[in-house]
Amino acid sequence: MRSLLLSLAYRRQKPTLPAKWRCWQGPIPRHRTQIYWSNFSSAPSPGQPPKNDEDAFLRSEQVDASTRAMGQIVFLNSVESGRVVFLSLALGDPTLASLAALGAVTATSTSQFIGLDKNTWNDGLWGYNGALIGCAASVFGPSFFPYMVVSTLFGAAATPVLSASLKSAITMPQWTWSFNVVALTSLLQTRPLLKSAADVNETAPVSTGFTDVALSPLLGISQIFVVGSPITGAGIVGAIYLYSPKLAVHALGGSATGCLVGLLSGAELSDVCMGLWGYNSALTSMAVGTFFVNSRQTMILSASGAAASAALFGAMQSLFGTHGVPCLTLPFCSVASACYLLEGHIPGLKLADEPHSPEKNA
C-alpha cells in the first residue's frame, strides 16, 4: 500500500507533456541530431492551447530559415518576401518552384545537421544556393522528375559545405559561387545546351515586337531563378519592393541596363527579350545597393556594374555555349566582387557597417 501511494504521489508531481515532446524528458543530452529535429516544431507558450502538428511545422525555425533562403537569392532577409518570391515562382513554373523549395530545405537542413553557424542559418544564408540548384535542375537537369529530385537533393546538400569552406577563404560576400561550382560540375558533363543540326533546323523562329522588348527587364528579374515569365518577374519585383523600394529600383534599373547593353551590342533579339541579358545585371545592381551606403557614387556604381555584367555575360555566353552549358551567374559573381573591392579607391563610396538595404544603409 505504501509503495502504491508513493507511486501515485510521484505521478501527480511529474509534469505531463504532449506525446511528441516526451522523448525530451529525462537527463538525455541534446545531441546535434536532437537539436536538428527540434527545429521542426516548437512548444506552445504557457496559457495557450497546444497547436496541431501542421501549424507547428509552418511556424518552425526550419521553415522560416528555408523561406528566408528563397528571398536571400535577391538579398531579401525577410520571411514575408521569401513567401512572395516562392508564390511568384509557382505562378511561372510550379515544378521549378517545388524543386527550389526542396533545394532550400535540403541545404538549410544539411547546414543545421552538420552544425554550421546558427545566426547564418537563421538568416537563410546557408540555403539560397540550394534553392538555385533546384531551379537549375528543373530547367537543365534530367527530364524525368524523380531524377530532378535526386539531382536537387545531392546538389543542394553540397552547397552549404562548399559555402563554409569559402567563408574561410574569402573576406567578401560569397554571392552565388557555391551554386555555380556545384551546378557547373554536373552541367559540364551533361551539356544540356548542345543541339543537333536537326533540332536547330526544326526550331521555329521566335517573333518579337515592342511589347517583348518592353517586358524584357521583368523577364530579366525572373531569369535570376531560370524562369521566363513577366508575371513571375513582376511578383519578384513586388517582393523586393515590400522589403526595400529603393532596392526594387536597383533591380529593375540593373535589368533594363543589361537588356540595353544587349541591344546595343547586336545580341540576338530573342535572347534580350527572354531576359537573358538582364539577370546578371539585376543581381549586380542589387548587390551594390545592399552592401554600399546609399549615395550618388553608389548609384553610378550600380549602373556601371550592371553594364559590365551584361558585357561579361555576352563574352561568357559565347565561350560556355561552345561547350553546351550556360554561364549561370558567373558574370554577376565576378563583377560584384570587383565592385566590392572598390571601397577606399573611389571618394564617397563606402561599404555599409551592417548591410541591409539602401534605406537603412543611408
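Please read these numbers as outputs of a predicted model, since none were measured by experiment. (Residues numbered from 1 in each chain as written. Predicted model: local features only at pLDDT ≥ 70, side-chain atom pairs only at ≥ 80, totals over all residues. Heavy atoms only, no water.)

1. Concerning the overall build of the protein chain
Phase 1 of the analysis: On a plain count of helices and strands, the protein chain comes out with 19 helices and zero strands.
Phase 2 of the analysis: In the protein chain, the proportion of contacts linking residues at least 24 apart, taken out of those at least 6 apart, comes to 71%.
Phase 3 of the analysis: As displayed, the protein chain has an accessible area near 18100 Å², and 63% of this comes from carbon and sulfur atoms. (Helix = DSSP H or I, 4+ residues; strand = E, 2+ residues; numbered from the N terminus. Contact = heavy atoms within 4.5 Å. Areas by Shrake-Rupley, 256 points an atom, 1.4 Å probe, with all protein chains shown as cover.)

2. Notes on the nonpolar core
Phase 1 of the analysis: Core analysis: the largest hydrophobic core is formed by 69 residues, its most contacted members being Leu89, Trp175, Ile224, Phe225, Ile240 and Met286.
Phase 2 of the analysis: The residues contacting Ile224, other than those within four sequence positions of it, are Ile73, Val74, Leu132, Tyr279, Ala282, Leu283 and Met286. (Core = buried A, V, L, I, M, F, W, Y, C linked by side-chain atoms within 4.5 Å. Buried < 20%, exposed > 50% of the residue type's maximum accessible area, 1.4 Å probe, protein only.)

3. Describing the layout of surface pockets
Phase 1 of the analysis: Considered as a void within the structure, the second largest pocket measures approximately 670 Å³ in volume.
Phase 2 of the analysis: Gln72, Leu125, Tyr128, Pro173 and Phe291 are, among the 24 residues lining the second largest pocket, the residues nearest its centre. (1 Å grid on protein atoms, 1.4 Å probe; cavity = no way out; pocket = protein on both sides within 12 Å on 5 of 7 lines; lining within 4 Å. Points joined across faces, edges and corners; volume = space filled by probe spheres on them.)

4. Structural notes on the packing of aromatic side chains
Phase 1 of the analysis: Using the criterion set out here, one finds nine aromatic pairs in the structure.
Phase 2 of the analysis: Taking 6.4 Å as the distance between ring centres and 75° as the angle between the ring planes, the aromatic pair formed by Phe75 and Phe332 counts as edge-to-face. With Phe75 in the loop between α4 (61-72) and α5 (79-92) and Phe332 in helix α18 (residues 330-340), this pair connects stretches of sequence that are 257 residues apart.
Phase 3 of the analysis: Judged by its relative accessible area of 1%, Phe332 is buried.
Phase 4 of the analysis: Following the ring pairs from residue to residue traces out a cluster consisting of Phe75, Trp175, Phe291, Phe332 and Tyr340. (Phe/Tyr/Trp six-rings, centres within 6.5 Å; stacked < 30°, edge-to-face > 60°.)

5. Focus: the pattern of salt bridges
Phase 1 of the analysis: Scanning all chains against the criterion turns up one salt bridge.
Phase 2 of the analysis: Two residues, Lys118 and Glu61, come together in a salt bridge whose shortest N-O distance is 3.6 Å. In this pair, Lys118 is assigned in helix α7 (residues 118-122) and Glu61 in helix α4, connecting sequence segments 57 residues apart. (Salt bridge = Lys/Arg side-chain N within 4 Å of Asp/Glu carboxyl O.)

6. Observations concerning helix α13 (residues 230-243)
Three- or four-residue spacings in an α-helix give side chains the same orientation, since the helix completes a turn every 3.6 residues.
Phase 1 of the analysis: Between its terminal C-alpha atoms α13 stretches 20 Å, which fits the 20 Å expected from 14 residues at 1.5 Å a residue.
Phase 2 of the analysis: Those residues of α13 that fall on the buried side of the exposure criterion are Thr232, Gly233, Gly235, Ile236, Val237, Ala239, Ile240 and Tyr243.
Phase 3 of the analysis: Where α13 is buried, its residues meet α5, α12 (210-222), α14 (245-264) and α16 (279-291).
Phase 4 of the analysis: One side-chain oxygen of the residue at the start of α13 lies 3.3 Å from the amide nitrogen of Ile231, identifying that residue as Ser229. (Expected span 1.5 Å × (residues − 1). Polar contact = N/O pair within 3.5 Å; in protein donor to acceptor, adjacent residues only side chain to side chain.)

7. With respect to the environment of Leu132
Phase 1 of the analysis: Topologically, Leu132 is positioned in helix α8 (residues 128-140).
Phase 2 of the analysis: Along the primary structure Leu132 and Gly103 are separated by 29 residues, whereas in three dimensions their C-alpha atoms are 7.3 Å apart.
Phase 3 of the analysis: Not counting the four nearest positions on each side in its chain, Leu132 is found in contact with Ile73, Thr176, Phe179 and Ile224.

8. Quick notes on the confidence of the model for the protein chain
Phase 1 of the analysis: Taken over all residues, the pLDDT of the protein chain has a mean of 86, while the share at 70 or more is 80%.
Phase 2 of the analysis: Between residues 1-46, whose pLDDT stays under 50, and residues either more than four places distant or in other chains, the model counts 43 contacts. (pLDDT = per-residue confidence, 0-100.)

9. Let's talk about a nonpolar patch on the surface
Phase 1 of the analysis: A contiguous nonpolar surface patch, about 380 Å² in accessible area, is contributed by Leu260, Leu263, Leu264 and Leu269.
Phase 2 of the analysis: Tracing the backbone through its elements, the reader meets Leu264 in helix α14. (Patch = residues over 30% accessible without salt bridge, like charges linked within 9 Å, V, L, I, M, F, W, Y side chains within 5 Å.)

10. Here we look at unusual backbone geometry
Phase 1 of the analysis: Backbone geometry at Phe75 places phi at a positive 65°, although glycine is not the residue there.
Phase 2 of the analysis: Phi angles above zero are rare outside glycine, and Arg191 is one such case at about 50°.
Phase 3 of the analysis: For Arg191, the location among the structural elements is in the loop between α10 (177-190) and α11 (197-202).

11. A short note on the packing of α14 against helix α17 (residues 296-321)
Phase 1 of the analysis: Where α14 contacts α17, the two axes come as close as 8 Å, and the packing angle between them is 40°. As summarised for this structure, α14 and α17 are arranged oblique, according to the angle between their axes. α14 and α17 meet at a crossing whose hand is right-handed. Facing His250, Gly254, Thr257, Gly258 and Val261 of α14, the residues of α17 in contact are Met299, Ser302, Ala303, Ala306, Ala307, Ala310 and Ala311.
Phase 2 of the analysis: Among the residues forming the contact of α14 with α17, the class breakdown is seven nonpolar, five polar and no charged. (Axes fitted to C-alpha atoms, helices over the stretch in contact; angles between N-to-C directions. Parallel < 35°, antiparallel > 145°, perpendicular 65-115°, else oblique. Left-handed = near helix turned anticlockwise from the far one by under 90°. Nonpolar A, V, L, I, M, F, W, Y, C, P; charged D, E, K, R; others polar.)

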